[in-house]
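Chain and residue survey
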Amino acid sequence: MALSNFIVTVAGVSAVVLLLGTDLKKSIPKIRHNVGQIRNWLKEESASAAKKMEKAKPKEISGKDVPKKDKD
């Protein structure tokens, strides 16, 4: 009985590993494409954010608002 349970378990685990392996082989190109697309989006967003920062005028801070550091 124990031997038959062991054989059924090994067969089941082997089937799952085989199915997952083929599924991963099929999905890896899609994952690579998606990662590349996300990288492109991030590059575009960071470039547009950098352009916005260059165009933005810096705000002036009056001397009264700047806290002075204590000398200890």
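Above this text you will find the structure in question.
Owing to the predicted nature of the structure, the values given are computational and were not obtained by experimental measurement. The numbers attached to residues start from 1 for each chain and follow its sequence in the written order. The predicted origin of the model limits local features to residues at a pLDDT of at least 70 and limits the giving and counting of side-chain atom pairs to 80 or more, whereas totals for whole chains, interfaces and linings rest on all residues. Hydrogens and water molecules were not included; the side-chain quantities draw on all heavy atoms of the structure.

**Observations concerning the overall build of the protein**
Threshold: Helix numbers and strand numbers start at the N terminus; a helix is a DSSP run of H or I with at least 4 residues, a strand a run of E with at least 2. The cut-offs for exposure are 20% and 50% of the maximum accessible area for each residue type, with area from a 1.4 Å probe on protein chains only; residues under the lower value are buried, those over the upper are exposed, and the others partly exposed. For the area figures, the Shrake-Rupley method with a 1.4 Å probe applies, and any residue is considered shielded solely by the protein chains shown.
A count of helical and extended segments in the protein gives one helix and zero strands. Counting all 72 residues of the protein, 0% fall into the buried class. For the protein, the exposed surface amounts to about 7,600 Å²; the carbon and sulfur share of it is 64%.

**A few points about a nonpolar patch on the surface**
For clarity, the threshold we go by: Grouping into patches uses exposed residues only, defined as over 30% relative accessible area, and leaves out salt-bridged ones; the cut-off is 9 Å for like charges and 5 Å for nonpolar side chains (Val, Leu, Ile, Met, Phe, Trp, Tyr). Whenever Lys or Arg places a side-chain nitrogen within 4 Å of a carboxyl oxygen from Asp or Glu, that contact is recorded as a salt bridge.
On the surface, Leu3, Phe6, Ile7 and Val10 cluster together to form a nonpolar patch covering roughly 420 Å² of accessible area. Position of Phe6 among the secondary structure elements: in helix α1 (residues 2–55).

**A look at α1**
Turn by turn, an α-helix covers 3.6 residues, leaving residues three or four places apart pointing in a common direction. To keep things clear, this is the line we draw: The span expected for a helix works out to 1.5 Å for each residue beyond the first. Bend at a given residue is defined as the angle between two axes, one fitted to the seven residues that end at that position and one fitted to the seven that begin there.
Here α1 is 54 residues long and its end C-alpha atoms lie 75 Å apart, about the 80 Å a rise of 1.5 Å per residue gives. At Ser27, α1 is deflected by roughly 35°, the largest bend along its length, and proline Pro29 occurs up to four residues later in sequence.

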